[in-house]
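Residue-level structure breakdown
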Amino acid sequence: MRPLTPADLNPAILKVQYAVRGELAIKAEELRDKLQTEKHDLPFKKVISSNIGNPQQKGLDQPFLTFTRQVAALMEYPPLAEIVKDKWPQDVLDRAKELQEEIGSIGAYSHSKGVPLVRKHVAQFIQERDGYPSDPEDIFLTTGASAGVSLLLNVLITPNVTGILIPIPQYPLYTATLAQFSGVALPYHLSEPNGWSTSLDEIRAALAKAEKDGVVPRALVVINPGNPTGAILDKSTMKDLVRLCEEHSLVLLADEVYQANLHRPDTHPFHSFKQVVRELNSPIPLFSFHSISKGVKGECGRRGGYFECTNISEDVRALLYKMASVSLCPPLSGQIGVDCLVRPPRPNDPSYPLWKKETDTIHEALRHRTQLMAQRLNSLPGVSCVNSPGALYLYPKLELPKKAVEEAQRLGKSPDTLYALQLLEETGICVVPGSGFGQKDGEHHYRLTCLCPGVEEYVSALENFHLKFLKKYGGL
C-alpha cells in the first residue's frame, strides 16, 4: 500500500502559516522540556510565553474571575448547589439555576446557533452598549471568535477569485484562513508613525490593485482594538470606513474581541461598528465578533464567542445557520462563559464587590505593564514602540545591524526571526517575529504580550539581550 504523503493532501493546506504557534512556539516547548532535565545547560530558569494572548496559561497565571468559575462549576455539577447554598453568593446560585432550567445538562447538544437564552442576553448586552436594538436571531454563538471568522470567510470566498482586505500588521488567523479557503489577501498598511492609524488611501490603493489583478474584493477586515498594534479607531475614521464599504459594496468584518482592553479609556474610548452603522443608517453588511478569551476574563480554553449579523438578509442568515449546524453546536462551557461575559454582576448583586475588585486589578496590571514596557523599550537604541492604548500587546520596531540582517539571510530566516530565536535561546522569552504579522519591506518588528508578571525582571531581560545583540552584530 502506498503511504499517505503531504502531496496527497489539499494543496491549500500547505500554504497555511500561523506564526503565533509557529517556529518560535515549537522551539519554546522544546526548551521547556529541556528545563525538566537535571543537567540542562540553559541560561534561564523558565520559558516565558509572551507569544500569545493566553492570560491564564501556566507561567502567566492571570487569576480567573470568581463569578464565572462559580457559575461554571454549578453547571458542571448541579448537586454542588446544595453544598454551597449558604457559602456562595445568591446571584451565582440564581444564575446557574436559570441556565440549568433553560439548558438542562451541558453534556447535551444545544441549538446550532447557541442556547436561545444566552443569545437573548448577548442581544441585550449589545443594545445596552450601543443604544440600538439587537435581535437574538442575528446572534451566532461560536467556538471562540476564531470559529466565527473562519465560518464567515468560508462562505464569502470563491476560491482564487475573492479578495479580502486585511490590515498589515494583522492577526495571522486571517492570512491562514484565507490560505485555507484559497482567498486572496488584499493587504492595506497601517501607519506606524501615526500610532498605527488606519489610512483610507491605503485601502483605496489596495482596491485599485485588486481591480488591476482581476480580483473581486468582497470584504474589509478591521481589528479594533488592533492586534498586534493595540491601536483604537476614532469614530470619524470608522464612519469613513463604513462609507467606503458602501461605495465599494464591501462586507465589513469587525474583529472587536479586545473591546474591554482599554488602557486609556478617557482619551481612547471604544466604539463598536454596529453603533456607527446604525448612526449613519448605513445598509452595509456587517459581522461583529467578540470572545471570552480576551478582556479581563481570559477564558481561552473554554472556547466561547459570538458574532452578530447586521443588515444581513434572512436568506444569507439561513445559509450561515446551515453551515453552523454542520458542527452541531459550540461548546456549552463556552456558551456559559459568554453569558457571564455579557451579564456580569451588577452593582447591587452580592458578587459585585469581588467581581469589581478582580476586574479592576487586572485592568490596572495590564495598563501598568503596557506603559512601563513601552517606556523602557523606547529608551533602547534601535527600538521604537507605539505606547498601545488597547489590547494585550506591544509591537516594537527594530533597527537591526547590517551584519544581523546578513546572518539571517545566510540562515534563510527573516531578520526579526533571527532576533526572536536568539532572544528565546538566551532569555527564555518567546515572542512572535513581525514577519508573521506582515510589515513593510526592510522593516523588522516583534510582538510581545503585556500579560507577563514580574514585569521589571522581564523587561530587564529584554533590555540586556537587546544590547548584547547589537554589540554582537556591530550595532553599538
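As the structure is a prediction and not an experimental result, all values here were calculated from the model. (Residues numbered from 1 in each chain as written. Predicted model: local features only at pLDDT ≥ 70, side-chain atom pairs only at ≥ 80, totals over all residues. Heavy atoms only, no water.)

1. A look at the overall build of the chain
Across its full length, the chain carries 16 helices and 14 strands. At 23 Å, the chain has a C-alpha radius of gyration in line with the 23 Å of a compact globule built from 476 residues. Projected onto its principal axes, the C-alpha positions of the chain cover 65 × 65 × 60 Å. Here the chain holds 476 residues, and 54% of them are scored as buried. Here the analysis covers contacts within the chain between residues at least 6 apart in sequence; of these, 73% occur between residues at least 24 apart. Averaging the locations of the 52 positively and 54 negatively charged side chains of the chain gives two centres separated by 3 Å. (Helix = DSSP H or I, 4+ residues; strand = E, 2+ residues; numbered from the N terminus. Rg over C-alpha atoms; globule rule 2.2 N^0.38 Å. Buried < 20%, exposed > 50% of the residue type's maximum accessible area, 1.4 Å probe, protein only. Contact = heavy atoms within 4.5 Å. Lys, Arg positive; Asp, Glu negative; His and termini not counted. Charge placed at Lys NZ, Arg CZ, Asp CG, Glu CD.)

2. Looking at helix 1 (residues 23–35)
With 13 residues, helix 1 ought to run about 18 Å at 1.5 Å a step, and its terminal C-alpha atoms sit 19 Å apart, in line with that. Taken residue by residue, helix 1 has L24, A25, A28, L31 and L35 as its buried positions. Within helix 1, the buried residues cover an arc of 120 degrees as seen down the axis, which keeps them to one side. Across helix 1 from its buried face, at more than 90 degrees, point the exposed residues I26 and D33. Elements that come into contact with the buried residues of helix 1 comprise helix 15 (415–427), strand 12 (429–430) and strand 13 (432–433). (Expected span 1.5 Å × (residues − 1). Arc of directions from axis to C-beta.)

3. As for the pairing of strand 14 (residues 444–449)
A large share of strand 14 lies buried, amounting to 6 of its 6 residues. Side chains H444, Y446 and L448 of strand 14 all project onto a buried face; the interleaved residues H445, R447 and T449 project onto the opposite face, where all are buried too. Of the strand pairs in this sheet, strand 10 (residues 393–394) and strand 14 are connected by 2 bridges, and their pairing is antiparallel. The residue bridging Y393 from the neighbouring strand is T449, located in strand 14. Two elements, strand 11 (residues 397–398) and strand 14, share 2 bridges in a ladder whose sense is antiparallel. Residue pairing for strand 14: K397 is matched across the bridge by H445. Across 2 bridges, the pairing between strand 13 and strand 14 is antiparallel. The residue bridging P433 from the neighbouring strand is Y446, located in strand 14. (Pairing = 2+ DSSP bridges.)

4. Overview of the sheet that holds strand 5 (residues 216–223)
Ordered by their spatial adjacency, 7 strands build an open sheet running 2-8-7-6-5-3-4, and the pairing between neighbours is mixed. Each edge of the sheet is formed by a strand with only one pairing partner; in this case those strands are strand 2 (139–142) and strand 4 (184–189). On average, each strand axis in the sheet is inclined to that of its neighbour by 20 degrees, with strand direction left out of account. Relative to the sheet, helix 8 (residues 200–213) contacts strand 3 (162–168), strand 4 and strand 5, its axis offset from that of strand 4 by approximately 150 degrees. Lying over the sheet, helix 12 (residues 332–342) contacts strand 2, strand 7 (286–291) and strand 8 (305–310), oriented at roughly 70 degrees with respect to strand 8. (Axes fitted to C-alpha atoms, helices over the stretch in contact; angles between N-to-C directions.)

5. Looking at the packing of aromatic side chains
Inspection of the entire model under this criterion finds 12 aromatic pairs. With centroids separated by 6.0 Å and ring planes inclined at 55 degrees, the aromatic side chains of F289 and F307 adopt a geometry described as tilted. With F289 in strand 7 and F307 in strand 8, this pair connects stretches of sequence that are 18 residues apart. The class of F289 is buried, set by a relative accessible area of 2%. By relative accessible area, which is 0% here, F307 ends up buried. Each ring, one from Y419 and one from Y446, has its centre 5.7 Å from the other, and the planes form 25 degrees; the classification is stacked. A residue pair is termed long-range when its members are at least 10 positions apart, and Y419 in helix 15 and Y446 in strand 14 qualify at 27 residues. The pair Y419 / Y446 is uniform in exposure class, with both members buried. (Phe/Tyr/Trp six-rings, centres within 6.5 Å; stacked < 30°, edge-to-face > 60°.)

6. Quick look at the pattern of salt bridges
Pairing between side chains of opposite charge can happen when their charged atoms approach one another. This structure, assessed with the given rule, holds 28 salt bridges. Residues D213 and K209 are paired through a salt bridge, measuring 2.8 Å at the closest nitrogen-oxygen approach. Here K209 and D213 lie together in helix 8, a separation of 4 residues that amounts to about one turn. Relative accessible area serves as the criterion here: at 45%, D213 is assigned to the partly exposed category. Taking the shortest distance from any N to any O, the salt bridge between K397 and E399 comes out at 4.0 Å. We classify K397 as buried; its relative accessible area is 19%. (Salt bridge = Lys/Arg side-chain N within 4 Å of Asp/Glu carboxyl O.)

7. What to know about unusual backbone geometry
Residues N224 and P225 are joined by a peptide bond in cis, for which omega reads -5 degrees. Along the chain, P225 falls in the loop between strand 5 and helix 9 (235–248). Look at the link from N227 to P228: it is a cis peptide, with omega at 20 degrees. The topology assignment puts P228 in the loop between strand 5 and helix 9.

8. Regarding helix 14 (residues 402–411)
Among the residues of helix 14, those classed as buried are A404, V405 and A408. Angular distribution of buried residues about the axis of helix 14 spans 100 degrees; they occupy a single face of the element. When the buried face of helix 14 is taken as reference, the exposed residues oriented beyond 90 degrees from it are K402, K403, Q409 and R410. At its buried positions, helix 14 is contacted by helix 15, strand 14 and helix 16 (455–472). Following helix 14 by one or two positions, G412 has its phi on the positive side, about 75 degrees.

9. With respect to the side chain of T359
Turning to its location among the elements, T359 is positioned in helix 13 (residues 352–378). A polar contact is formed between the side chain of T359 and the backbone oxygen of K356, at a distance of 3.2 Å. If sequence neighbours within four positions are ignored, T359 has contacts with L65 and V296. (Polar contact = N/O pair within 3.5 Å; in protein donor to acceptor, adjacent residues only side chain to side chain.)

10. Focus on the environment of A324
Structurally, A324 can be placed in helix 11 (residues 314–325). On a C-alpha basis, the gap between A324 and G148 in space is 9.1 Å, while along the polypeptide they are 176 residues apart. Each residue touching A324, except ones within four places of it in the same chain, is listed here: S112, F140 and L151.

11. Details of the environment of P330
For P330, the position within the fold is in the loop between helix 11 and helix 12. Residues in contact with P330, not counting those within four places in the same chain, are S112, L141, T142, T143 and Q335.

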